[in-house]
Amino acid sequence: MSQESESGKGTPALALPLGRLEGRQVFADLVRQAMICAAREGWTHIVLSDADFADWPLGERVVVDALQAWAGRGRHIQFMARDFGPLRQLCPRLVQWRVTWSHLVQAHACTSLVGTELPSAIWSPGWTLERLDTLRCTLVASVDARRRLALKERLDTCWAMGSPSFPATTLGL
């Protein structure tokens with residue numbers, strides 16, 4: 001499905017699916033496609049949020065290559081999780097990318113949030129993806145401004161309840 005860009009840079013001229021979708025493979029494919037689209041369209045701000053990112057394909061070469069192509073002046077990405085441990089263990093390429101591009105990356109651990117309080121989502125200025133049910137992997141992809149705003153407000157609330165985490169480097173003694 002292709003749509004025209006709504007306002008130029010930062011909003012995707014989507015080749016991304018929209019609507020209600022289901023399935024783990026669909027979710028993983030959409031995460032990959034979103035990161036490729038972010039690089040291609042120059043999304044200025046991305047928020048990635050999940051309990052632990054354990055089932056996200058963030059460590060795959062195609063995703064990290066897309067993030068590498070996306071990274072640059074005026075870009076910003078936020079990661080939110082309850083626990084970054086699985087991400088660190090399962091995604092060494094992403095961890096290395098995070099070290100290289102630490103000035104573009106912020107990460108917060110939202111350890112006090114339980115259940116679905118922390119959305120499993122991708123937010124950008126022009127497109128969102130939210131998993132409504134992580135067990136059944138039911139998701140909604142949208143360009144609707146009201147849905148984007150509502151998700152952003154929930155993500156901002158979670159961000160404010162979190163604390164800095166997932167540092168680029170770990171200092172030892």
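Residues numbered from 1 in each chain as written. Predicted model: local features only at pLDDT ≥ 70, side-chain atom pairs only at ≥ 80, totals over all residues. Heavy atoms only, no water.

Points about unusual backbone geometry
For step 1, the next point in the chain: With a phi angle near 60 degrees, F53 is a residue other than glycine that sits in the positive phi range.
For step 2, the next point in the chain: Tracing the sequence through the fold places F53 in the loop between β2 (45-49) and α2 (61-70).
For step 3, the next point in the chain: Residue classification places F53 among the buried residues on the basis of a relative accessible area of 1%.
For step 4, the next point in the chain: The phi torsion at F166 lies on the positive side, around 55 degrees, for a residue other than glycine.
For step 5, the next point in the chain: Along the chain, F166 falls in the segment after β8 (163-164). (Helix = DSSP H or I, 4+ residues; strand = E, 2+ residues; numbered from the N terminus. Buried < 20%, exposed > 50% of the residue type's maximum accessible area, 1.4 Å probe, protein only.)

Describing the pairing of strand β3 (residues 76-81)
Sheet faces and side chains relate simply in a regular strand, where the side chains alternate between the two faces.
For step 1, the next point in the chain: Summarising burial for β3: 5 of the 6 residues are buried, a large majority.
For step 2, the next point in the chain: In terms of strand pairing, β2 meets β3 through 5 bridges, oriented parallel. Looking at β3, one finds that I46 is bridged to I77.
For step 3, the next point in the chain: The β-α-β motif built from β2, the intervening α2 and the parallel element β3 has right-handed crossover chirality.
For step 4, the next point in the chain: Here β3 pairs with strand β4 (residues 105-109) via 5 bridges, running parallel. Paired with M80 across the bridge in β4 is H108. (Pairing = 2+ DSSP bridges. Right-handed = clockwise from strand over helix to strand, strands pointing away.)

Quick notes on the environment of R32
For step 1, the next point in the chain: On the secondary structure map, R32 appears in helix α1 (residues 24-41).
For step 2, the next point in the chain: When the C-alpha atoms of R32 and V64 are compared, they prove to be 9.4 Å apart, with 32 residues separating the residues in sequence.
For step 3, the next point in the chain: In contact with R32, other than residues within four places in its own chain, are Q25, P57, E60, V62 and V63.
For step 4, the next point in the chain: Within the local environment of R32, its side chain forms a polar contact with the side chain of D29, the two groups lying 2.6 Å apart. (Contact = heavy atoms within 4.5 Å. Polar contact = N/O pair within 3.5 Å; in protein donor to acceptor, adjacent residues only side chain to side chain.)

With respect to the pattern of salt bridges
For step 1, the next point in the chain: Per the counting criterion, the structure on display carries 10 salt bridges.
For step 2, the next point in the chain: Between E41 and R40 there is a salt bridge whose closest N-O contact spans 3.4 Å.
For step 3, the next point in the chain: The exposure class assigned to E41 is buried, which follows from its relative accessible area of 18%.
For step 4, the next point in the chain: Through salt bridges with shared partners, a single ionic network connects R24, D50, D55 and R131. (Salt bridge = Lys/Arg side-chain N within 4 Å of Asp/Glu carboxyl O.)

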